[in-house]
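Residue strings, one per chain:
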Amino acid sequence: MKPYFATRFVKMSARIAVLVALLVSTLPCSCWAQITAIRAGKLVDPATGATSTNQVILVNGTKISAVGGNLAIPPGATVVDLSNATVLPGLVDAHTHLCILVRHEYDNGDYFFTTLIDSDALRGIEGVANARDMLASGFTTVRDVGNAGNYADSALRQAIEQGLVPGPTIINAGRIIAPYGGQFHLQPGRRELGEPEYFFADSRDEMRKAIRENVHYGAKVIKIVVDDQPYIYSVDDIRFIVQEAATVGLKVAAHCWTHAGAHNAAEAGVASIEHGFAMSDEDLALAKKNGVVLVGTEFTQLAEREVGAPGWHATMVDRLRRAYRIGVTMAFGTDTMFAYRGETRGTLAMMQIDSWVEAGVSAKDTLKAMIPNAVKLLGVDGERGAIRAGQAADIIATPENPLDDIQTLKHVAFVMKNGGVIRNDGAAGVR
Ligand SMILES: [Zn+2]
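Residues numbered from 1 in each chain as written. Predicted model: local features only at pLDDT ≥ 70, side-chain atom pairs only at ≥ 80, totals over all residues. Heavy atoms only, no water.

(A) Expanded view of the overall build of the protein chain. If you tally the helices and strands in the protein chain, you get 17 helices and 16 strands. In terms of principal-axis extent, the alpha carbons of the protein chain reach across some 70 × 65 × 40 Å. A total of about 18800 Å² of accessible surface is found on the protein chain, and carbon and sulfur atoms cover 55% of it. If you average the places of the 41 positive and of the 46 negative side-chain charges in the protein chain, the two averages end up 9 Å apart. (Helix = DSSP H or I, 4+ residues; strand = E, 2+ residues; numbered from the N terminus. Areas by Shrake-Rupley, 256 points an atom, 1.4 Å probe, with all protein chains shown as cover. Lys, Arg positive; Asp, Glu negative; His and termini not counted. Charge placed at Lys NZ, Arg CZ, Asp CG, Glu CD.)

Rendered as structure tokens:
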């Protein structure tokens, strides 16, 4: 811009600013405070399993400003009447893959093909659709653990943070770090096809570099695959990765498919073991002792069929039952990657509560895994996961009290994210 025009532009901008300031000063303050008052017939605290009745939640901008039974509703506030519903904090899926969509007809049970067929751009767009659908089902926060199309997950997180598209708060892993080959079985003439889906890191230098690359391109958690090859990460390897990640303030999520892999991760003290289907009772006890959270991703029978894994459901439910009995801290994570006609990524993820019911986990403890345990694992417990003053206004409502009937979570009828109403089915949805 030439100096003359620049000077005129600055003067015009200054005049406009004065006019706007004058206009603002003549308006009542409630126009600017954006206060919403939610009348909650029942209000559930998932940390304690307590339900209080006839509460008012005041939301000012993006945050909750007050909660109580006798709160005066400020004049001019927008009132959301959920007096016939149960209100609770938004849910968390601690194991998602938003930027991949696996279809049987494409990949014949091997998602390596999906990563070859779908462009990074398409992966990003799938992420937008899946994020929207997860939020609509009541998941206001997710941890996205890789398989994300060359950092499409970082772009998706940025787009949501900038308000370009609706979606949950995302803690994303970027590029999964793994021993050579990652989760694929390559052939030597096409060895480059496994990357960038995975960062092959076998030496300490490669591990350090992989963490730094992830941080540089926007990862907020480090995801490793411990044991999908005959050679697996040792306890010392994992300890090194945990220490390196900690230097940049990140936690480590460890995919463990085998008994040996889960044992190494439990001993090394990762933040979370993902899957862990082959964990023995001794390893579950070791994870508990070392403060390792289990994100068990227990597939439903539908998921078992769709990903071509016969028999897994029973194994997973058995491990969930054992983990619950032993008392290892668990966070709800679904690993939902597949498409199914008539369902969304959100409704498919929510179905996974069936596995928790089948394993005999109480509604109270399932909710604990879905909210307080999960936000703590994700490191956002200071900001999200509770309905109290100062927290982000991530609020959902269900027709029934999920402490009485956990299945009501499949009928989330109201969703607020950062103070904005995403979904309100009104009288039709909330009885
Ligand atoms: Zn996964």
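What follows picks up the thread again.
(B) Quick look at the coordination of the zinc ion. The coordination sphere of the zinc ion contains the protein donors His 95 (NE2), His 97 (NE2) and Asp 335 (OD), at a distance range of 2.0 to 2.1 Å. Read in sequence order, the donor residues for the zinc ion give the motif H-x1-H-x237-D. With His 97 in the loop between β5 (91-96) and α3 (104-107) and Asp 335 in the loop between α12 (312-326) and α13 (345-350), this residue pair connects regions lying 238 residues apart in the sequence. Assessed through its relative accessible area of 2%, His 97 is described here as buried. Look at Asp 335 and you get buried, because its relative accessible area is 10%. (Donors = N, O, S within 2.8 Å, 3.2 Å for Na, K, Ca; no water. Buried < 20%, exposed > 50% of the residue type's maximum accessible area, 1.4 Å probe, protein only.)

(C) Quick peek at the nonpolar core. Judged by nonpolar contacts, the single largest core of 70 residues is most densely connected at Leu 91 and Ile 224. Per-element accounting of this core gives the leading share, 5 residues, to helix α8 (residues 235-247). When near neighbours in sequence (up to four residues on either side) are disregarded, Ile 224 contacts Ile 176, Ile 177, Tyr 233, Ile 238, Ile 241, Val 252, Ala 253, Ala 254 and His 255. In this structure, Ile 38, Ala 40, Leu 82 and Ala 393 belong to the second largest nonpolar core, which totals 16 residues. (Core = buried A, V, L, I, M, F, W, Y, C linked by side-chain atoms within 4.5 Å. Contact = heavy atoms within 4.5 Å.)

(D) Here's a closer look at a nonpolar patch on the surface. A contiguous nonpolar patch, built from Tyr 106, Phe 113, Leu 116, Ile 117 and Leu 193 and spanning about 440 Å² of accessible area, is present on the exposed surface. Take the nonpolar patch: its biggest share by element is 3 residues, from helix α4 (residues 112-117). Note on placement: Phe 113 falls in helix α4. (Patch = residues over 30% accessible without salt bridge, like charges linked within 9 Å, V, L, I, M, F, W, Y side chains within 5 Å. Salt bridge = Lys/Arg side-chain N within 4 Å of Asp/Glu carboxyl O.)

(E) Representation of α8 within the structure. Taking 1.5 Å as the rise per residue, α8 with 13 residues should run 18 Å; its terminal C-alpha atoms sit 19 Å apart, in good agreement. The complete set of buried residues in α8 reads Val 235, Asp 237, Ile 238, Phe 240, Ile 241, Glu 244 and Ala 245. Looking one or two residues beyond α8, the residue adopting positive phi is Gly 249, at roughly 75°. (Expected span 1.5 Å × (residues − 1).)

(F) Region of the structure containing helix α15 (residues 363-370). Every buried residue of α15 is listed here: Ala 363, Thr 366, Leu 367, Ala 369 and Met 370. Down the axis of α15, the smallest arc covering the buried residues is 160°, so these residues share one side. (Arc of directions from axis to C-beta.)

(G) Quick peek at the sheet that holds strand β1 (residues 35-45). Taken in spatial order, the 7 strands line up as β3-β2-β1-β4-β14-β15-β16 in an open sheet, and their pairing is mixed. Each edge of the open sheet carries a strand with a single partner, namely β3 (63-68) and β16 (420-424). Neighbouring strand axes in the sheet, compared pairwise and without regard to direction, differ in orientation by 30° on average. Where strand β2 (residues 50-60) meets β3, 5 bridges bridge the pair, whose relative direction is antiparallel. By the bridge assignment, Leu 58 is partnered in β3 with Ala 66. (Pairing = 2+ DSSP bridges. Axes fitted to C-alpha atoms, helices over the stretch in contact; angles between N-to-C directions.)

(H) Highlighting the pairing of β2. In this sheet, β2 lies alongside β1 in antiparallel orientation, the contact comprising 10 bridges. The residue of β2 that forms the bridge with Thr 36 is Val 59. Linking two consecutive strands that pair antiparallel, namely β1 and β2, is a turn of 4 residues; a positive phi of about 75° is found at Gly 49 within it. Linking β2 back to β3 in an antiparallel pair, the connection comprises 2 residues, with Gly 61 at a positive phi of about 70°.

(I) Highlighting the layout of surface pockets. The space that makes up the largest pocket amounts to roughly 570 Å³. In terms of residue class, the lining of the largest pocket is built from 10 nonpolar, 10 polar and 6 charged. Of the volumes computed, that of the second largest pocket is approximately 440 Å³. Along the wall of the second largest pocket there are 26 residues; nearest its centre are Glu 161, Thr 169, Ile 170, Ile 171 and Arg 384. Breaking the lining of the second largest pocket down by element, the ones donating at least two residues are α6 (152-161), β7 (169-172) and α16 (372-378). (1 Å grid on protein atoms, 1.4 Å probe; cavity = no way out; pocket = protein on both sides within 12 Å on 5 of 7 lines; lining within 4 Å. Points joined across faces, edges and corners; volume = space filled by probe spheres on them. Nonpolar A, V, L, I, M, F, W, Y, C, P; charged D, E, K, R; others polar.)

(J) Region of interest: the side chain of Glu 304. Mapping Glu 304 onto the fold places it in helix α11 (residues 301-306). At 6.5 Å, Arg 305 is the nearest oppositely charged side chain to Glu 304, a buried residue that forms no salt bridge.

(K) Up close: the confidence of the model for the protein chain. This prediction gives the protein chain a mean pLDDT of 92; 91% of its residues lie at or above 70. Every residue in residues 1-7 scores below 50 in pLDDT, and together they form 2 contacts with partners more than four places removed in sequence or on other chains. (pLDDT = per-residue confidence, 0-100.)

(L) A look at the environment of Lys 209. Counting through the fold element by element, Lys 209 comes out in helix α7 (residues 204-216). The exposure class of Lys 209 is exposed, given its relative accessible area of 59%. Counting along the chain gives 69 residues from Lys 209 to Thr 140, while the straight-line C-alpha distance between them is 32 Å.

(M) Structural detail: the environment of Ala 278. With respect to the helices and strands, the residue Ala 278 is situated in the loop between β12 (272-275) and α10 (281-289). Relative accessible area serves as the criterion here: at 34%, Ala 278 is assigned to the partly exposed category. Distance in space between the C-alpha atoms of Ala 278 and Leu 403 is 30 Å, their sequence separation being 125 residues.

(N) View of the packing of α10 against α12. At a minimum axis distance of 10 Å, the contact between α10 and α12 shows a crossing angle of 50°. Here α10 is positioned oblique relative to α12, judged by the angle of their axes. At the point where α10 passes α12, the crossing takes the right-handed sense. Taken together, the residues of α12 that come into contact with α10 (itself represented by Asp 281, Leu 284, Ala 285 and Lys 288) are Arg 319, Arg 322, Ala 323, Arg 325 and Ile 326. Tallied by class, the residues present in the contact of α10 with α12 amount to 4 nonpolar, no polar and 5 charged. (Parallel < 35°, antiparallel > 145°, perpendicular 65-115°, else oblique. Left-handed = near helix turned anticlockwise from the far one by under 90°.)

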